[in-house]
Amino acid sequence: MSEARNLFALLRQSADPGAAAAIEELVRDAPDRALCRINVVDFAAKAGLDEEPAIAAFLHAARLGIFELSWNVLCPSCAGVLDASATLRSVNREEYRCAWCAAGYEPILDEVVEVTFLVNRRVRRIEAHAPDELPLAEYFRQIFWSSAIDLPDDLDRVIQELTLDTVELPPGERALLSLQLPAELVIILDPVTHSTQFLQVKGEPTRERQNLSLVFDKVRAATEAIELHPGPLRLSLDNRTDTRLLPGLWIAGEKLEQLLGRRKPFLTAKRLLTNQVFRDIYGVDTIDVDQRLKITSLTFLFTDLRGSTELYERLGDLVAFDLVRAHFQVLNQVVAAEGGAVVKTSGDAVMATFPTPDRAVAAALRMREAMSGLDQAHSGEELLLKIGIHEGPCLAVVLNDRQDYFGRTVNIAARVQGLAASRSILATRSVVSHPKSSSLLEMGGLKPVAHQRALRGVADEMAVYEIP
Amino acid sequence: MSEAGNLFTLLRQSADPDAAGAIEELVRDAPDHALSRVNVVDFATKAGLEQERTIAGFLHAARLGIFELSWNVLCPGCGGVLDTSTTLKSVNRDEYDCAMCATGYQPTLDEMVEVTFTVSRRVRRIAAHDPYELSFAEYFRQVFWGSGFDVPGDFEQVIEEITLDAIELPPGEKALLSLQLPAEFVIVMDPVTHGTQFLDVKGEPTRERQNLSLVFDKVRKPTGTTTMRPGPLRLSLENRTETRLLPGLWIAGDRLHELLGRRRPFLTAKRMLTNQVFRDIYGTDTIDVEQRLKITSLTFLFTDLKGSTELYERVGDLVAFDMVKAHFRVLNEIVAAEAGAVVKTIGDAVMATFPTPNRAVAAALRMREAMRDLNDVRSREDLLLKIGIHEGPCLAVVLNDRQDYFGTTVNIAARVQGLADSRAILATRSVVADPQASALLEISGLKPVSQRRALRGIADEVAVYEIP
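Just so you know, these numbers come straight off a predicted model, no measurement behind them.

**Student:** Whenever I open this one, the overall build of chain A confuses me. Can you help?
**Tutor:** When its secondary structure is counted, chain A shows 15 helices and 21 strands. Each principal axis of the C-alpha atoms in chain A carries an extent, and together these give about 95 × 60 × 40 Å. When each of the 468 residues of chain A is scored for burial, the buried share is 45%. Partitioning the contacts of chain A with sequence separation of at least 6, the portion at a separation of at least 24 is 68%.

Put into structure tokens, the structure is as follows:
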């Protein structure tokens, strides 16, 4: 573990001390299953850490090779992992199908793609590094399900209750199961190949033996539900893959719904893209030039310095640049502290993203404060910010060697910023009506005032709120 | 040469075939001095190659390790190299002093910093790899002077004529020179340390021996002037450095001025920064975050898509993004073909730089054409460009991990673009008055129409020309 110790010494240099210590303890002492598909949001909550420093610390740890990052496409319905990859670049299909739920999903970055951390095998060897040797319940826990599901400790027992039978099927082998079918919807599911067969068991019970034979191979074929009668079934399962499979017969009843309904917050791909530390470490290397990934809700904050053109004219380029750079530094710090990331600057304007509207509103209020501090430090040169905030769907793309965003939401956010006067913060309805941002404004004693405004190029008038 | 052979195979894959061929021939056959501090502009002219492709060829060759790139700060007075470095990051002093000219200069990237290429010692061993073994004349040619200095064919003879004496002084040694001082201004100068002493020889000739002793060490002292009389001089020279020095006595007369006046075009740092291939290969790793480098004249071109906000509303984010990306690709190609570089994109706006106004005008005309073609394919007037061009001084900086530009010139260029409507190209007086740009417009039969316009934040009205 001496190599590992060096890594943790390095981690303490770049990450928050509390978070670094918690990570070191986790890697040293936690049971194997706690080191696979780590849910950083959940980990932070349980360790009593702030989320942002915890996310930053895991990213630094991944950079150092303590963890491997995994981008997993989830089924929002059963929380199973449909596809896992070391990079978001592999998330390149228009649709991902969940065989268990018999539904297809667009890989939307805020709902359908999670980011988890797996301890590196050179730092600590855990069971999940050899998934084919995991017992059935642990396979489901550590490999099949994502970090979004909150599994009970006695998963083993729960699975026994929910299944008619399960079997461990080595590569190339065949198993014969004899069982009694109840009058329920039964799903034969193998978690390794993600293949399913639905059995609609209904009608008159029968005492005659029914036969069914299923072949698992590498190709995931969509199949129609088969209708059977309650009664005896002889089920033949044939594994034609070169890995061990874990087929089982699951009763699709209320208890299964209950199990699948237990969810916990997780680290979404969106949240990572809009994290400053992630942008700094991974930069443009996240998305391919040809990718266009959908995000359902991202909050955009634009700022611009009022009267900066006059400022350059009056102070000259060099002095003005130092002042503008000082202002960028302040804005960068505020954005990072609120869980956001600066996407780019143009002239003296800043474009930043936040995972939720309230973080953007909090950042805007802090920016306005911070500018007063800068004014005093720079012999009264007045720096006044015009700030605009809007939230909505967008595309995550790569443009001009930079991970960027595209779409109407971005246009509207920029236009709203264009309407702002000095020191005023303008935000759209979706921002101020967000529960957390409205309680934040209330605590600050700030009452947003609505105006109907026309935005150039946008068809309808919009309610734009001024935060005094 | 088999490793080198492989390198040239690789070079032919990425560079223009003619340029790659010429570079291979140069490395194989040229005399040593032609491979030290290669002046790419001059090389292209003499080899009958197109300049942009030749520059790109040398950049690819440098990336492959065939050449080493060098950024040299030049004295505009004598054309000597005041400082040389493998990266522009080392150009970090506010002022560079030339001891020979006894003047200090601010390092502006378009006049005072050149980029040269020296063959890598692993590819071909040349005399300049051991500069301390070069002869007096070759040291001046290959090390002391920049590539903008046009060395005459009878260089050694010219030096002989304008120096009173010169000696080779090994490290740690002393030498005594006895000579007759003529009634001229004499410069005692060592090209290695740049240590200089002026001798103002005037008044009554004397037969009495005058004595002077000079010490050369690593610290560059300010140049002093000693008044002497024509007649015998016993000059003591001491080398307290660890390298060989080449002190000599130069007569600062018409012949020296004639020699120093021989200049030829060279590859400036400005031209390198505004070259697309350079940006693509070296990216942001050019300038330090703390640097602010002056450029006397750079041409900025801004474009914006007209009505793009409506376009997104009408066709949706995904389709709009594909169209906008197609338009970016076309603009990128045109900018690169006209010796420019795309600095960044903002929404669907593009900011590009060009070394001279005429290249920007040529690019703007081609962009307008290209958009017509794109629209013809779709038979819709979806893509109309608003283009603005301005030229002037600016600062080269790093902002938000990107090599960027800053200053009033950039602001004005953006504002001029903001005044443009579809299809009209707007440019300022400094652009259309540029002789090459006006010749280009005349050939194209385009007459710019002048209008006085007020630009927001700019104190004076600016003459803006509309290119129909």
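**Student:** Would you explain the overall build of chain B in this entry?
**Tutor:** Looking only at helices and strands, chain B has 15 helices and 21 strands in total. Dimensions of chain B, computed from the C-alpha atoms along their principal axes, are close to 95 × 60 × 40 Å. Counting the 468 residues in chain B, one finds 45% classified as buried. Considering only residue pairs separated by 6 or more positions, chain B has 69% of its internal contacts joining residues 24 or more positions apart.

**Student:** Teacher, can you tell me more about the sheet that holds strand β8 (residues 185-189) of chain B here?
**Tutor:** Adjacent strands of a sheet pair through backbone hydrogen bonds, lying either parallel or antiparallel. Residues and elements named next belong to chain B. Taken together, five strands build an open sheet; the order of strands is β6-β13-β8-β9-β11 and the sheet is mixed. The open sheet has two edge strands, β6 (163-166) and β11 (224-228), and neither has a second partner. Each strand axis lies, on average, 20 degrees off the axis of its neighbour in the sheet, ignoring direction. With four bridges connecting them, β8 and strand β13 (residues 248-251) associate as antiparallel partners. Each residue of the ladder has a partner; that of V186, found in β13, is I251.

**Student:** Explanation requested: the interface of chain A and chain B in the structure shown.
**Tutor:** Interfaces are frequently sized by the accessible area removed from exposure as the parts join. Tallying the contact residues gives 29 residues for chain A and 28 residues for chain B. Put simply, the parts of the chain that give the side of chain A that touches chain B at least two residues each are α10 (308-315), α11 (317-337), β15 (341-346), β17 (385-399) and α13 (408-419) of chain A. Split into classes, the residues belonging to the side of chain A that touches chain B amount to 13 nonpolar, nine polar and seven charged.

**Student:** How should I be thinking about the nonpolar core in this particular structure?
**Tutor:** One broad rule of soluble globular proteins: the nonpolar side chains tend to lie buried together. In this structure, F58, L301 and I389 of chain A are the most contacted members of the largest nonpolar core, which totals 139 residues. Every residue in contact with I389 of chain A, bar those within four places of it in the chain, is listed here: T299, L301, A360, V361, A364, A413, I425, A427 and V431 of chain A. Formed by 136 residues, the second largest nonpolar core is a distinct cluster that contains F67, M351, A362 and A363 of chain B.

**Student:** How should the packing of helix α3 (residues 40-47) of chain B against helix α4 (residues 51-63) of chain B be read in this particular structure?
**Tutor:** Each packed pair of helices is defined by two parameters, the angle between the axes and the distance between the axes. Residue and element names in this part refer to chain B. Two elements in contact, α3 and α4, have axes separated by 9 Å at closest approach and are oriented at 125 degrees. Our classification of the angle between α3 and α4 gives oblique. Where α3 crosses over α4, the two elements pack in a sense that is right-handed. Of α4, the residues touching α3 (which contributes V40, V41, F43 and A44) are Q51, T54, I55 and F58. Among the residues forming the contact of α3 with α4, the class breakdown is six nonpolar, two polar and no charged.

**Student:** Could you clarify how one ought to interpret the environment of R121 of chain A in this entry?
**Tutor:** All names here are of chain A. As for its position among the elements, R121 is in the loop between β5 (113-119) and α5 (136-144). Judged by the 12 C-beta atoms lying within 10 Å of it, R121 falls in the exposed class. Each C-alpha atom of the pair R121 and G65 lies 9.8 Å from the other, and the pair is 56 residues apart in sequence.

**Student:** Help me understand the domain arrangement of chain A in this model?
**Tutor:** Residues and elements named next belong to chain A. Partitioning chain A into domains gives domain 1 (2-126), domain 2 (158-261) and domain 3 (274-467). Each of domain 1 and domain 3 has a C-alpha centre, and the two are 29 Å apart. Of the residues lining the interface, 15 residues belong to domain 1; the matching set on domain 3 comes to 15 residues. Partitioning the side of domain 1 that touches domain 3 into residue classes produces eight nonpolar, one polar and six charged.

**Student:** Hey, could you run me through the pairing of strand β19 (residues 425-428) of chain A in this one?
**Tutor:** Consecutive side chains of a regular strand alternate in pointing toward one face of the sheet and then the other. Residue and element names in this part refer to chain A. Both faces of β19 are covered, namely the face carrying I425 and A427 and the face carrying L426 and T428. Two strands pair when backbone bridges link them, and β19 and strand β21 (residues 462-467) are joined in this way by four bridges, in the antiparallel orientation. The partner of T428 across the bridge, within β21, is V464.

**Student:** Help me out: how do you make sense of α11 of chain A in this one?
**Tutor:** Helical geometry: 3.6 residues make up each α-helical turn, so side chains three or four residues apart lie on a common side. When the terminal C-alpha atoms of α11 of chain A are compared, their 30 Å separation across 21 residues agrees well with the 30 Å that a helix rising 1.5 Å per residue should span. With its phi angle positive at about 75 degrees, G339 of chain A sits one or two positions after the end of α11 of chain A.

**Student:** Looking at this structure, how should I read helix α13 (residues 408-419) of chain B?
**Tutor:** Residue and element names in this part refer to chain B. Its twelve residues give α13 an end-to-end C-alpha distance of 17 Å, which sits within 8% of 16 Å, the value for a rise of 1.5 Å per residue. Most of α13 sits inside the fold, with ten of its twelve residues counted as buried. For α13, the complete set of buried residues consists of T408, T409, V410, N411, I412, A413, A414, R415, V416 and Q417.

**Student:** Before we go on, may I ask you to explain unusual backbone geometry in this structure?
**Tutor:** Note: most residues except glycine have negative phi, and most peptide bonds are trans. Residues and elements named next belong to chain B. Although it is not a glycine, A102 adopts a positive phi angle of roughly 50 degrees. For A102, the position within the fold is in the loop between β3 (96-98) and β4 (103-105). Here the phi dihedral of H194 falls at roughly 65 degrees; this positive angle occurs in a residue that is not glycine. Tracing the backbone shows H194 in the loop between β8 and β9 (196-201).

**Student:** Quick question: what am I supposed to make of the pairing of strand β19 (residues 425-428) of chain B here?
**Tutor:** All names here are of chain B. What you see with β19 is no split at all: I425 and A427 on one side and L426 and T428 on the other are buried throughout. In the sheet, β19 pairs with strand β21 (residues 462-467) via four bridges, with the strands oriented antiparallel. Among the inter-strand pairings, I425 is bridged to a residue of β21, identified as I467.

**Student:** Please explain the sheet that holds strand β2 (residues 81-85) of chain A as it appears in this structure.
**Tutor:** All names here are of chain A. Reading across from one edge, β2-β1-β5 is the order of the three strands in this open sheet, with antiparallel pairing throughout. The strands lining the two open edges of the sheet, one partner per strand, are β2 and β5. Strand-to-strand twist across the sheet, computed as the mean angle between neighbouring axes with direction ignored, equals 30 degrees. Across four bridges, strand β1 (residues 67-74) lies against β2 in antiparallel orientation.

**Student:** What is the right way to look at the environment of A454 of chain A in this model?
**Tutor:** Take A454 of chain A: it is sitting in the loop between β20 (449-453) and β21. Separated by 226 residues in sequence, A454 of chain A and L228 of chain A place their C-alpha atoms 62 Å apart.

**Student:** I tried to follow the packing of helix α12 (residues 357-378) of chain B against helix α15 (residues 435-443) of chain B on my own but got confused; where do I start?
**Tutor:** All names here are of chain B. Two elements in contact, α12 and α15, have axes separated by 7 Å at closest approach and are oriented at 30 degrees. Considering their axes alone, α12 and α15 lie roughly parallel with respect to each other. Classified by chirality, the crossing of α15 by α12 is right-handed. Residue-level contacts link P357, N358, V361 and A362 of α12 to Q436, A437, L440 and L441 of α15. Looking at the contact of α12 with α15 residue by residue, the classes come out as six nonpolar, two polar and no charged.

What counts as what
Residues numbered from 1 in each chain as written. Chains lettered and ligands numbered in written order. Predicted model: local features only at pLDDT ≥ 70, side-chain atom pairs only at ≥ 80, totals over all residues. Helix = DSSP H or I, 4+ residues; strand = E, 2+ residues; numbered from the N terminus. Buried ≥ 20, exposed ≤ 12 C-beta atoms within 10 Å, placed from the backbone. Contact = placed C-beta atoms within 7 Å. Pairing = 2+ DSSP bridges. Axes fitted to C-alpha atoms, helices over the stretch in contact; angles between N-to-C directions. Nonpolar A, V, L, I, M, F, W, Y, C, P; charged D, E, K, R; others polar. Core = buried A, V, L, I, M, F, W, Y, C linked by C-beta atoms within 7 Å. Parallel < 35°, antiparallel > 145°, perpendicular 65-115°, else oblique. Left-handed = near helix turned anticlockwise from the far one by under 90°. Domains from an automatic or database assignment. Expected span 1.5 Å × (residues − 1).

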